[in-house]
Amino acid sequence: AAAAKARISELSALSLSRTAWAFATVLLEADTLLEAIAAESLPKMDAFTSQNKSLTAWSFARLAMCDEPLLAAISSASIAKLHTFKSQEMANTVWAFAKLFVHDEPL
């Protein structure tokens, strides 16, 4: 986690989402890394694909980490592109918001 955090600014949208997913898959809590991923994801949100957004939201929910600015950015970036979401990506995103008790009316 420390090595990834040190190089967080170098990570692409794909790498940010996959790093979060890797930690969430094994339920390895790394709050400072996830905070860094969230902060670094915000300015890169336009580069996130529907899969990247879905994996990131799912990962944060799986680790019970509610980062409201990140979730708001995922929601905002997703609304106009919902037609690009596959059914699994949509299900993961909706599950993540529900799991974290985030009510996002537009999404």
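These numbers come from a predicted model, not from an experiment.

Thresholds, definitions, all that
- Residues numbered from 1 in each chain as written.
- Predicted model: local features only at pLDDT ≥ 70, side-chain atom pairs only at ≥ 80, totals over all residues.
- Heavy atoms only, no water.
- Helix = DSSP H or I, 4+ residues; strand = E, 2+ residues; numbered from the N terminus.
- Expected span 1.5 Å × (residues − 1).
- Buried < 20%, exposed > 50% of the residue type's maximum accessible area, 1.4 Å probe, protein only.
- Arc of directions from axis to C-beta.
- Salt bridge = Lys/Arg side-chain N within 4 Å of Asp/Glu carboxyl O.
- Core = buried A, V, L, I, M, F, W, Y, C linked by side-chain atoms within 4.5 Å.
- Contact = heavy atoms within 4.5 Å.

**Student:** Tell me about helix 6 (residues 87-99), and please be specific about residues and values.
**Tutor:** Side chains three or four residues apart in an α-helix point the same way, a direct result of the helix having 3.6 residues per turn. Compared with an ideal rise of 1.5 Å per residue, which puts 13 residues at 18 Å, helix 6 spans 18 Å between its outermost C-alpha atoms and is within 8% of the ideal. Buried within helix 6 we find E89, N92, T93, A96 and F97. Considered in projection along helix 6, the buried side chains sweep an arc of 130° and stay on one side of the axis. Seen from the buried face of helix 6, the exposed residues on the opposite side, beyond 90 degrees, are S87 and Q88.

**Student:** Which residues make up the pattern of salt bridges, and what values do they have?
**Tutor:** Using the criterion set out here, one finds two salt bridges in the structure. One salt bridge connects E10 with R7, and the closest N-O pair in it is separated by 2.8 Å. In this structure, E40 and K44 form a salt bridge, with 3.1 Å as the shortest nitrogen-oxygen distance.

**Student:** Please set out the nonpolar core residue by residue, giving values where relevant.
**Tutor:** Proteins that are soluble and globular tend to have nonpolar side chains buried together. In this structure, I8, L34, I37, M45 and F60 are the most contacted members of the largest nonpolar core, which totals 29 residues. Elements that contribute at least two residues to this core include exactly helix 2 (13-25), helix 3 (31-41), helix 4 (50-62), helix 5 (68-79) and helix 6. Not counting residues up to four positions away in its chain, the partners in contact with M45 are K53, L70, A73, I74 and A77.

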